[in-house]
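Below, each chain spelled out in residue letters.
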Amino acid sequence: MHSGFEIETVTLPRVDGSQSHSLSFIEHDGAKIAYDYEAARSGVATHLLVLVNGFVRPRADFRAFRKRIHAQMPHLASLALDNRGAGDTEGGLEGLTVETMAKDAAFLAKTYASALSLSGYHALGISMGGMICQVWAACDPCVSAVTLVSTTAGGNRRVWPAGTDEAKAREKGFTSWPQDFESMHKRMVRYFGSKFRKSSPLLIEMMVKNMLKSQGEGSAHSKAEAQYNATVSFDGTGYAKRIVCPTLVLTGTEDEIIPKENADGLCSLILHAKKVELEAMGHLLLIEDPENFVASVRSFIEGQVVG
């Protein structure tokens, strides 16, 4: 049985909870967590959405999504953070675990919920972020709803990509991202479904160039390795079974990284889970099908009781 989180909040410096702000930092358990907050456009937040990204990905990936959903939901406030080992977050990599990253998210969420006088918040996690949010939702009763995107419960419920030797995959150490365009492109194209590959080759090329730049930085390898080690053997089945809040499970039918069967595994474990499949989409639903992604998340949030 997993114990719950005991998280203490801090008083927000120079922020009253109603003002948006860009890059900010908050100290937590040996790390300097980078995040940004976007206030409700109405001036009064009735929902707080916390966004947790995947492997080595920064919070900036949520920029377009947040613009869309805030325009459609004027009473929504949102937070996006960089996990340890990603973006602008500093430190706290030694012995990194999914649980540690979940506590970071809970700490930030509780701090802002307090400032907004909200009793709960919604968590949304993509891929590795989905693993983090499973732990978080299981251990923090203030998570009123959770959206799990392109992710897995891990353990013996994990379905690996076709042709993958499961034992070797779990034992294999971290392999650095490629440093040349052709190899990086070959690796990254697998993250997208067939429809997006055909319609957006130039956007994929741009993303490949951005990855080459970010992963070529001096500390990129050690940061990615810490996240990899935290997640490769992740077994969240015990956590998933303890999630009692409403849960939306989103998956692409052509996900080659975490196949759609993993969504079925999650739904079999989580009591109040609903699955939505996006046709002909791959692993990066946020980019591939932004309209349906936003519509699914918005509908789910609006269906929940105000915290």
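Please refer to the structure placed before this passage.
Residues numbered from 1 in each chain as written. Predicted model: local features only at pLDDT ≥ 70, side-chain atom pairs only at ≥ 80, totals over all residues. Heavy atoms only, no water.

Visitor: So, the sheet that holds strand E4 (residues 76-81): which residues are in play, and what are the values?
Guide: The sheet built from eight strands is open, its strands ordered E1-E2-E4-E3-E5-E6-E7-E8 with mixed pairing. The outermost strands of the open sheet, each flanked by one partner alone, are strand E1 (21-28) and strand E8 (273-278). Strand-to-strand twist in this sheet, taken as the mean axis angle between neighbours without regard to direction, amounts to 20 degrees. Here strand E7 (residues 247-252) runs beside E8; their pairing, made up of six bridges, is parallel. Across the sheet, Leu-250 pairs through a bridge with Val-276, a residue of E8. Against the sheet, helix H1 (residues 63-72) engages strand E2 (31-38), strand E3 (47-52), E4 and strand E5 (121-126), with an angle of about 170 degrees to E4. Contacts from helix H10 (residues 261-269) reach strand E6 (143-149), E7 and E8 within the one sheet, and its direction differs from that of E8 by about 170 degrees. (Pairing = 2+ DSSP bridges. Helix = DSSP H or I, 4+ residues; strand = E, 2+ residues; numbered from the N terminus. Axes fitted to C-alpha atoms, helices over the stretch in contact; angles between N-to-C directions. Contact = heavy atoms within 4.5 Å.)

Visitor: Pulling in residues and values, what's your account of the pattern of salt bridges?
Guide: Note on pairing: side chains with opposite charge can pair once their charged atoms come close. Evaluated as defined, the whole model comprises 14 salt bridges. As a salt-bridge pair, Arg-59 and Asp-82 come within 2.6 Å of each other at their nearest N and O atoms. In this pair, Arg-59 sits in the loop between E3 and H1 while Asp-82 sits in the loop between E4 and helix H2 (98-116), placing the two residues 23 residues apart along the sequence. The class of Arg-59 is buried, set by a relative accessible area of 11%. You can call Asp-82 buried: its relative accessible area is 0%. (Salt bridge = Lys/Arg side-chain N within 4 Å of Asp/Glu carboxyl O. Buried < 20%, exposed > 50% of the residue type's maximum accessible area, 1.4 Å probe, protein only.)

Visitor: Could you give an account of the packing of aromatic side chains, naming the residues involved and the relevant values?
Guide: Taken as a whole and judged by the stated rule, the model has nine aromatic pairs. Here the aromatic rings of Phe-55 and Phe-174 are separated by 6.2 Å at their centres, their planes lie at 70 degrees, and the arrangement is edge-to-face. Taken together, the positions of Phe-55 in the loop between E3 and H1 and Phe-174 in the loop between helix H4 (166-171) and helix H5 (181-188) put the pair 119 residues apart, joining distant regions of the chain. When the ring of Tyr-121 is compared with that of Trp-136, the centres are 5.8 Å apart and the planes differ by 35 degrees; the resulting orientation is tilted. With Tyr-121 in strand E5 and Trp-136 in helix H3 (residues 128-139), this pair connects stretches of sequence that are 15 residues apart. Accessibility expressed as a relative area gives 0% for Trp-136, which makes it buried. Taken together, the aromatic side chains of Phe-55, Phe-174, Trp-177, Tyr-191 and Tyr-228 make up a single cluster linked through ring pairs. (Phe/Tyr/Trp six-rings, centres within 6.5 Å; stacked < 30°, edge-to-face > 60°.)

Visitor: Before we move on, can you summarise helix H12 (residues 290-302) with the specific residues and values?
Guide: With 13 residues, H12 should reach 18 Å at 1.5 Å per residue; the first-to-last C-alpha distance of 18 Å fits that figure. Those residues of H12 that fall on the buried side of the exposure criterion are Phe-293, Val-294, Ser-296, Val-297, Phe-300 and Ile-301. An end-on view of H12 places all buried positions within 160 degrees of arc, on one side of the element. (Expected span 1.5 Å × (residues − 1). Arc of directions from axis to C-beta.)

Visitor: Describe the side chain of Ser-24, naming the residues involved and giving the relevant values.
Guide: Structurally, Ser-24 can be placed in strand E1. Judged by its relative accessible area of 15%, Ser-24 falls in the buried class. Not counting chain neighbours up to four residues away, the residues in contact with Ser-24 comprise Ile-33, Ala-34 and Tyr-35.

Visitor: A description of the pairing of E4 should follow, citing residues and the corresponding values.
Guide: The buried fraction of E4 amounts to six of the six residues, a majority that puts the element mostly inside the structure. Here four bridges tie E2 to E4, and the two strands are oriented antiparallel to one another. Note that in E4 the partner of Glu-38 across the bridge is Ser-78. Sheet analysis places E3 next to E4, joined by six bridges and oriented parallel. Within E4, the position partnered with Leu-48 by the bridge is Ala-77. With H1 bridging E3 and its parallel neighbour E4, the resulting β-α-β unit is right-handed. (Right-handed = clockwise from strand over helix to strand, strands pointing away.)

Visitor: Give me the lowdown on the packing of H2 against H3, citing residues and values where you can.
Guide: Packing of H2 against H3 leaves a shortest axis separation of 8 Å and a crossing angle of 70 degrees. It follows from the interaxial angle that H2 and H3 lie roughly perpendicular. Contacts from Val-98, Glu-99, Met-101, Ala-102, Ala-105, Ala-106 and Ala-109 in H2 reach Met-128, Met-131, Ile-132, Val-135 and Trp-136 in H3. Per-class residue counts for the contact of H2 with H3 are eleven nonpolar, no polar and one charged. (Parallel < 35°, antiparallel > 145°, perpendicular 65-115°, else oblique. Nonpolar A, V, L, I, M, F, W, Y, C, P; charged D, E, K, R; others polar.)

Visitor: Report on the environment of Met-73, specifying residues and quantitative values.
Guide: In this fold, Met-73 is placed in the loop between H1 and E4. When its relative accessible area of 7% is taken as the criterion, Met-73 is described as buried. Residues Met-73 and Ala-263, 190 residues apart in the sequence, show an inter-C-alpha distance of 27 Å. What Met-73 contacts, discounting residues up to four positions off in sequence, is Arg-298, Ile-301 and Glu-302.

It is worth stressing that arrangement in space is one thing and function is another; only the former is reported here.
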